[in-house]
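A structural walkthrough
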Amino acid sequence: MSDRIKFNLLENAFDYLLSAAECVKKGTPRDNKYALLHLVAGIELLFKERLAQEHWSLIFNDIDNANRVALETGDFKGIDLDKTIKRLEGIVGVKLSKLAIDNIRKIRDLRNRIQHFAVNVELEQAQSMMAIGFNILLEFYHENIKDQSIGESIIGDIYLDLRHFQSFVDERLKAIKPQIEIEKYLFDCNRCLNRTIALQNGKPYCLFCRYELDSESLAMDISEDGILQNCPHCEQMTCTWVLYNNDYGEYVCTSCGERGDYSICSRCQNLKLEEEDPCPDCWEQIMSKD
Ligand SMILES: [Zn+2]
Ligand SMILES: [Zn+2]
Ligand SMILES: [Zn+2]
C-alpha cells in the first residue's frame with residue numbers, strides 16, 4: 001500500500017464537493033468557511049473535467065505548449081475560471097446562463113477574499129451564495145458530465161448532506177418550479193425528501209435530485225401495507241394503498257399516476273373501477289362456464 005495522494009480530476013472534484021456538503025451540514029462559521037473554499041474548488045475542477053473530456057490540452061493555459069508529460073506530472077500552468085468558462089462555451093458548446101456565470105464569479109470572488117484577506121460576511125449571505133453555487137454545480141453535473149457512473153453514489157451523498165440546508169432546498173425548488181408546475185402527479189423522494197418525483201414516460205424520476213427508480217420500488221416506498229396490486233387503468237402491478245392522514249387514503253399507481261378509491265372484487269381480488277361485485281371480468285368467466 002502506498003500513501004501517495006492520488007485522485008484524477010473528476011474524483012478530486014467530487015471529493016471537494018462532498019467535503020463542501022459535509023461542512024455545510026456541520027454548520028459552524030468555520031465549517032461554512034471551508035464549505036465555501038471547497039465548493040469553489042469543486043466547481044473549478046468539475047468545469048475543467050468537462051474541458052478535459054473534450055480534449056486534455058484544453059486545461060492548459062497555453063495550448064500550444066500542451067504536452068502529455070506535463071499533463072502526467074501536473075507541471076503546467078492551468079487555466080483560471082474565466083478562461084475555463086470561455087472555453088466551455090466557445091469550444092465545448094456548454095450553455096451557461098449569464099446569471100449563472102455572474103453568480104459563479106461572485107462566489108469565486110468571495111472565496112478569493114476569504115483566502116487572501118481578512119473577511120467579514122454575514123453567515124446568511126455566505127449560505128445563500130453557497131446555495132446558488134451548489135445548484136449551478138449540480139445542474140452542470142447532471143447536464144454536462146458524460147460519465148456519471150463514478151459520480152452517482154457521491155452525488156447521492158451530497159444530496160443527503162444538503163437535505164437540511166434550507167437555502168439550497170429553496171434555491172433548487174425555485175430552479176425546477178417550471179418543471180414541477182406542468183406535472184400532474186408528484187411523489188415523495190426518499191433521497192432528497194421533497195415531493196418532486198415525476199413520472200417521465202411512466203418511469204419515476206426526481207426533478208430535484210435526479211434520482212431514478214422503478215415504479216415497483218416507488219410503490220413500495222409510499223405503500224401503507226406493502227401490497228402491490230394490478231392498476232385498473234394501466235394494468236401494471238404498481239397500484240398500492242396510500243394513507244394521507246388518519247382518515248383519508250386512496251389507491252395510487254406509480255406507473256400511470258392514476259389514483260382513486262377503487263372497489264375490490266370478492267372473487268378475483270383485483271381492484272376495479274366498477275361498483276359491481278363480482279367484477280365484470282369475473283361475470284364474463286362465470287357466464288362462459290355455464
Ligand atoms: Zn429527490
Ligand atoms: Zn396505473
Ligand atoms: Zn373479479
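Figured I'd write up the structure that's included with this text. These numbers were taken from a predicted model, which means no experiment stands behind them. (Residues numbered from 1 in each chain as written. Chains lettered and ligands numbered in written order. Predicted model: local features only at pLDDT ≥ 70, side-chain atom pairs only at ≥ 80, totals over all residues. Heavy atoms only, no water.)

1. Let's talk about the packing of helix H2 (residues 29-54) against helix H4 (residues 81-92)
Our working definition: Between N-to-C directions, angles span 0 to 180 degrees; the directions come from axes that are lines fitted to C-alpha atoms, helices contributing only their stretch in contact. Secondary structure elements are defined from DSSP: runs of H or I of at least 4 residues count as helices, runs of E of at least 2 residues count as strands, and each element is numbered from the N terminus. Rotating anticlockwise by less than a right angle from the far helix to the near helix defines a left-handed crossing, while the corresponding clockwise rotation defines a right-handed one. In what follows, residue pairs with any heavy atoms lying within 4.5 Å of each other are defined as contacts. Charged residues are taken to be Asp, Glu, Lys and Arg, nonpolar residues to be Ala, Val, Leu, Ile, Met, Phe, Trp, Tyr, Cys and Pro, and polar residues to be all remaining types, Gly included.
In contact at an axis separation of 10 Å, H2 and H4 are set at 35 degrees when each is read in the N-to-C sense. Note that H2 runs across H4; the crossing there is left-handed. On H4, the residues that touch Glu44, Phe47, Lys48, Arg50, Leu51 and Glu54 of H2 are Leu81, Thr84, Ile85, Arg87, Leu88 and Val92. Residue classes in the contact of H2 with H4 are distributed as six nonpolar, one polar and five charged.

2. As for the coordination of the zinc ion (ligand 2)
The condition that has to hold: For Na, K and Ca the donor cutoff is 3.2 Å, while for all other metals N, O and S atoms must lie within 2.8 Å; water is not among the atoms, so some sites may look incomplete. Every angle between 85 and 135 degrees makes a four-donor site tetrahedral, while opposite donors more than 155 degrees apart, with all other angles between 65 and 115, make a four-donor site square planar and a six-donor site octahedral; other sites are irregular. Exposure classes here rest on a 1.4 Å probe applied to the protein chains alone. A residue is buried below 20% of its type maximum, exposed above 50%, and partly exposed in between.
Distances from the zinc ion (ligand 2) to its protein donors, Cys231 (SG), Cys234 (SG), Cys253 (SG) and Cys256 (SG), fall within 2.3 Å. Metal-centred angles of 107 to 116 degrees between the four donor atoms at the zinc ion (ligand 2) mark the site as tetrahedral. Here the donor residues of the zinc ion (ligand 2) share one chain and are spaced in sequence as C-x2-C-x18-C-x2-C. Here Cys231 is found in the loop between helix H10 (215-222) and strand S3 (239-245), whereas its partner Cys253 is found in strand S4 (residues 248-253), with 22 residues between them in sequence. For the residue pair Cys231 and Cys253, the accessibility class agrees, reading buried in each case.

3. Comments concerning the coordination of the zinc ion (ligand 1)
Taken together, the protein donors to the zinc ion (ligand 1) comprise Cys189 (SG), Cys192 (SG), Cys206 (SG) and Cys209 (SG), at separations of 2.3 to 2.4 Å. Going along the chain, you hit the donors of the zinc ion (ligand 1) in the pattern C-x2-C-x13-C-x2-C. Taken individually, Cys189 and Cys192 each receive the classification buried, so the pair is uniform in this respect.

4. What to know about the nonpolar core
Convention followed: As used here, the term nonpolar core means buried Ala, Val, Leu, Ile, Met, Phe, Trp, Tyr and Cys residues forming a set that is joined through side-chain atoms within 4.5 Å.
One finds Phe47, Phe134, Leu162, Phe168 and Phe208 to be the most contacted residues of the largest nonpolar core, which totals 75 residues. Not counting the four nearest positions on each side in its chain, Phe134 is found in contact with Leu17, Ala20, Ala21, Val24, Leu39, Leu162, Phe165 and Phe168.

5. Describing the packing of aromatic side chains
Put simply, the test is: What counts as a ring pair is set by centres within 6.5 Å for rings of Phe, Tyr and Trp (its six-membered ring), and what kind of pair is set by the plane angle: stacked under 30 degrees, edge-to-face over 60, tilted for all other angles.
A complete count under the given rule lists eleven aromatic pairs for this structure. Ring centres 5.9 Å apart and planes at 85 degrees place the aromatic pair Phe168 and Phe208 in the edge-to-face group. Here Phe168 is found in helix H8 (residues 166-175), whereas its partner Phe208 is found in the loop between strand S2 (203-206) and H10, with 40 residues between them in sequence. Accessibility classification places Phe168 together with Phe208 in one group, the buried group. Chaining the aromatic ring pairs together yields one cluster made of Phe134, Tyr159, Phe168 and Phe208.

6. Section: the sheet that holds S4
Put simply, the test is: At least two bridges found by DSSP between two strands is the condition for calling them paired.
Spatially, three strands are ordered S3-S4-S5 in an open sheet, and the strand pairing comes out antiparallel. The open sheet is flanked by S3 and strand S5 (259-260), the only strands paired with a single partner.

All we've got here are geometric facts, nothing functional implied.
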